[in-house]
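# Coordinates in review
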Amino acid sequence: MATPATETLDLAVKFPGAVRADTRPGFSGWVVAPEKLLEFAAFVRDELGYDYLVNLCGVDNLPEGQMEVVYNVYKTTGGPGLIFKTQAARVDPIEIPSLVSIWPGAELQEREAWDMYGIRFSDHPDLRRILMWEGFAGFPLRKDWKEAFHDEEIKPYKSRWPDGKHTYAEKRSAYGDNINFEPGFDPEKWVPTDPEEALYAALKKYKSEEKDGIKTDHIIVNMGPQHPSTHGVFRAVVILDGETVLSLKPVMGYLHRNHEKIGERNTFLHNMPYTDRLDYFNSMTNNWGYSMAVEKLMGIQVAERAEYIRVIMSELSRIQNHMILIGMLLNDLGAYFTPALYAFEERELILDIFEAVSGSRMMCNYFRFGGVVRDIDETSLRKIKDLVFDRLPRKIEEFDRLLTENEIIVSRLKGQAILTSEDAIAYSMSGPMLRAAGVPYDIRRADPYGVYDRFDFDVAVRHNCDMMDRYLIRLDEMHQSVRILEQAVRQLPEGPISSQKPSYQIKVPAGEAYGRVEGPKGELGFYVVSNGKANPWRYHVRTPSFVNLTALEKMCVGTKIADFVAILGSIDIVLGELDR
Amino acid sequence: MNGKGILKGMGVTLQRFVDTYLDDIRWWGKRYYTPEGIAHRSSTNTKGIFTIQYPEEKLPVPEEFRYKPFLLYEEGEKGEKNIRCTSCGICAKACPTQCIWIVRGTDPATGRPVPQPAGFWIDADICMSCGFCAEFCPFDAIKMDHNYEVASYTRNLMDIDELMKPVSYYAGIRPLNYAREEEARKAKEAAKAAKAAPAAG
């Protein structure tokens, strides 16, 4: 099934010889020749109005001997998107022009494609590895790259049944360890290179300056990876002039496990519990994004009752996520644990519901293709009603009273770290970050999925573009979520909870699909390519935490180092999905 | 007025502070270390302290709670353990982490496969408690356990002896599921009998 409805204008006529329609069965959009890519992208952005680059990822078409880069672009005024691709022969060096000059939001995503596929983006301002470390050998998402404990090409592994005598993975490795050496590697002759060299080289232009005849050296400060404000193992290398941030580079990948490679070894169903572990606060929305992409590929409908249950679960998830975000933001600002623990009370109650319906508090694994795994029991439904109609509105209001007018919070947040609407769109920001910058773009309204078009709610938007708005927008969104929940709980229809028969072997026709949901942190997208077999050929996750960090430097430059902590807190990152 | 916002916020914390003591007085002696106290503290109209004093107190887990899988056996009359598993391998195929290892049983005389596992391992260190094995098992032979206190000093590879638990244990931890499955089984048998009866008659 075609993903987004494409432009009626025939772009192949507009760019003769350089653009052709993608006619592979199940695929849609346009294939652009690399040499015309920049021109095409500028045309799509300026003439057709697709100003918002949402997703960029590489695909290794090993059988065809070509490397592909896929771009999903949308209009910030809403509506379906446009998908275009560019292909290059799979012979190193693979060169494709960088689109950072058109959409600055491509920066981190292009670095990721370089890191994973070895696609060189010419004219990229800072093309370094991003998730793997400098000096890592090979490009792990290439189809011919194998991990250290490589078992078999695809799951289910034949070694498990019928003759599955248990062996530990390290027994299979000649070194008994999780190490992969290049053939002919000699540890005696190896000279270590400085893995930080490239990183600091990227920052060097700011290293020193001359002011009034006095040479001033700027200080490099490494925030993280072990820093309490980074919510995990995220590191930012900051160049300081006194306390003012001059430049900043995010360093990530400490939690990298190559989720996408695992996903391509897995069968379609196997991936469902793995998606729980992306943004581990919101496994319900993660499940939804993935099942939506696969449902698009399969061309199936979701059972009516399941649609409502999905809405209920993901809105509850949004409320608890925003509660925690506000609590943790206040933690970062120094209000140690009072707001955070108030937030945890509501989260606790919501997680109790998740546990009762799905069996697990955080790793819910609740969605299945065509529905959900089990119905909501009576006790949980009563609890949801109590929360929605009574407790949550009261508690959100209590948060408002506790924090919003607090003079310290206002002076720390107001007018700080401005990100204008134009920049927010250009940097591919999504979710509350985009809406706090004055762009009323919410996928639930702009490109509706599920049954969101049946509910009456407003897209929360704030226009001051500062950190205070990023805090306030979360309160607004919680109010809207409660509104949606009230309607969803009232309208919850009876009926089956899945349109499909439960099966662990799922037939997915060949094709591509991009499923996007409005996650609490921003747009969560899954780009899935199937070749008709049991495992996805390509499984890409476009995570809001990752893409939203593209604008981190933009927001931090000129602020004080202490505000970096608050800015990072207000973006709302979670390392599970940032590093994947 | 400067400081008004801070005072307003402090009012909220003061309210909470007072509520905590009021709730303690209202539930005098019964709020902590009692099942109804724990239920009250995790209900939607709770106020005051939320904390469950683990391990002295434990939150009751809901029926659908899943931890590590276990294998069910029917208790025979002479205390023998009749395992339900037929070593069909569906759980091993549905397992996302591929942590289930099964050796299919064979008849020593004929060498033919028999519906019983000769070996069954679950690498509980790798298991992600997703519950697919229990969900897709056609024989209700593998289920998810409620016991979450499984910390150990060594790696946790569970073999068939560790995995086996009686059906009565399962009926105890998941009464509703058990009743539903038994009903389905009886209905299936009744349908089978009804189908066989006219053929015989």
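## Some thoughts on the overall build of chain A
Across its full length, chain A holds 20 helices and 17 strands. Rg of the C-alpha trace for chain A: 24 Å, near the compact-globule value of 25 Å for 580 residues, within the 12% margin. In chain A, which comprises 580 residues, the proportion classed as buried is 50%. Once local pairs closer than 6 in sequence are excluded, the contacts in chain A between residues at least 24 apart make up 68%.

## A look at the overall build of chain B
Helix and strand counts for chain B stand at seven helices and seven strands. In chain B, the succession of helices and strands from N to C terminus is α-α-β-β-α-β-β-α-β-β-α-β-α-α. A globule of 201 residues ought to have a C-alpha radius of gyration of about 17 Å, yet chain B, at 25 Å, is considerably larger. Seen through its C-alpha atoms, chain B measures out along the principal axes to roughly 90 × 50 × 35 Å. When the 201 residues of chain B are sorted by exposure, 23% land in the buried category. In chain B, once contacts between residues fewer than 6 apart in sequence are set aside, the share between residues at least 24 apart is 63%.

## Topic: the domain arrangement of chain A
Residue and element names in this part refer to chain A. Taken domain by domain, chain A comprises domain 1 (11-122) and domain 2 (259-578). Computed from C-alpha coordinates alone, the two centres of domain 1 and domain 2 are separated by 27 Å. When residues of the side of domain 1 that touches domain 2 are traced back to their parent elements, those giving at least two are strand S3 (52-61), strand S4 (66-74) and helix H3 (106-117).

## Some remarks on the packing of helix H11 (residues 378-404) of chain A against helix H16 (residues 467-491) of chain A
Residues and elements named next belong to chain A. In the contact formed by H11 and H16, the axes pass within 10 Å of each other and the chain directions differ by 165°. Accordingly, the angle class assigned to the pair H11 and H16 is roughly antiparallel. The two elements H11 and H16 meet at a crossing, and its hand is left-handed. Facing Ile384, Lys385, Val388, Phe389, Leu392, Pro393, Ile396, Phe399 and Asp400 of H11, the residues of H16 in contact are Leu475, Met478, His479, Val482, Leu485, Glu486 and Val489.

## Comments concerning the interface of chain A and chain B
On the side of chain B, 39 residues touch chain A, which itself brings 41 residues to the contact. Sorting the residues of the side of chain A that touches chain B by element identifies helix H7 (271-276), helix H10 (338-358), H11 and helix H12 (407-413) of chain A as the ones contributing at least two each. Here the side of chain A that touches chain B gets nine residues from one element, more than from any other, and that element is H10 of chain A. When the residues that make up the side of chain A that touches chain B are grouped by side-chain class, the tally is 16 nonpolar, ten polar and 15 charged.

## Brief notes about the sheet that holds strand S2 (residues 30-32) of chain A
All names here are of chain A. Spatially, S1-S2-S5-S4-S3 is the arrangement adopted by the five strands of the open sheet, whose pairing is mixed. Whereas interior strands pair on both sides, the edge strands pair on one side only; in this sheet they are strand S1 (19-21) and S3. For this sheet, the mean inter-axis angle between neighbouring strands, taken without regard to orientation, is 25°. With three bridges connecting them, S1 and S2 associate as antiparallel partners.

## Details of the domain arrangement of chain B
According to the domain assignment, chain B consists of domain 1 (7-59) and domain 2 (69-184). The centre of domain 1 of chain B, based on its C-alpha atoms, is set 40 Å off from the matching centre of domain 2 of chain B.

## Looking at the sheet that holds strand S4 (residues 113-123) of chain B
Residues and elements named next belong to chain B. What the three strands build is an open sheet, ordered S3-S4-S6; its pairing is antiparallel. On the outer flanks of this sheet lie strand S3 (100-106) and strand S6 (157-158), each paired with one strand and no other. Sheet topology note: the S3/S4 ladder contains six bridges and is antiparallel. Bridged to Ile100 within S4 is Ile122.

## Examining unusual backbone geometry
Residue and element names in this part refer to chain A. Residue Asp92 is joined to Pro93 through a cis peptide bond whose omega torsion reads -5°. Take Pro93: it is sitting in the loop between strand S5 (82-89) and strand S6 (94-97). Phi at Asp123 takes a positive value of approximately 70°, unusual for a residue other than glycine. Locating Asp123 in the fold gives a position in the loop between strand S7 (119-122) and helix H4 (169-172). In this structure, Ala417 takes a positive phi of about 50° despite not being glycine.

## Let's talk about the confidence of the model for chain A
When pLDDT is averaged along chain A, the result is 87; 95% of the residues meet or exceed 70. Segment residues 1-6 of chain A: pLDDT under 50, and 20 contacts once partners within four positions in sequence are set aside and those in other chains are kept.

## Looking at helix H9 (residues 304-333) of chain A
Residue and element names in this part refer to chain A. Across its 30 residues, H9 extends 44 Å between first and last C-alpha, which sits within 8% of the 44 Å expected from 1.5 Å per residue. Taking burial as the measure, the 30 residues of H9 include 27 buried ones, the bulk of the element. Taken from the residues just after H9, Gly334 is the one with a positive phi, measuring 110°.

## Some details on the environment of Asp140 of chain B
Residues and elements named next belong to chain B. With respect to the helices and strands, the residue Asp140 is situated in the loop between helix H4 (132-136) and strand S5 (142-144). A C-alpha to C-alpha distance of 15 Å links Asp140 and Ala94, two positions 46 residues apart in sequence. With residues up to four places along the chain from it excluded, the contact list for Asp140 reads Leu72, Arg84 and Glu181.

Calculation notes
Residues numbered from 1 in each chain as written. Chains lettered and ligands numbered in written order. Predicted model: local features only at pLDDT ≥ 70, side-chain atom pairs only at ≥ 80, totals over all residues. Helix = DSSP H or I, 4+ residues; strand = E, 2+ residues; numbered from the N terminus. Rg over C-alpha atoms; globule rule 2.2 N^0.38 Å. Buried ≥ 20, exposed ≤ 12 C-beta atoms within 10 Å, placed from the backbone. Contact = placed C-beta atoms within 7 Å. Domains from an automatic or database assignment. Axes fitted to C-alpha atoms, helices over the stretch in contact; angles between N-to-C directions. Parallel < 35°, antiparallel > 145°, perpendicular 65-115°, else oblique. Left-handed = near helix turned anticlockwise from the far one by under 90°. Nonpolar A, V, L, I, M, F, W, Y, C, P; charged D, E, K, R; others polar. Pairing = 2+ DSSP bridges. pLDDT = per-residue confidence, 0-100. Expected span 1.5 Å × (residues − 1).

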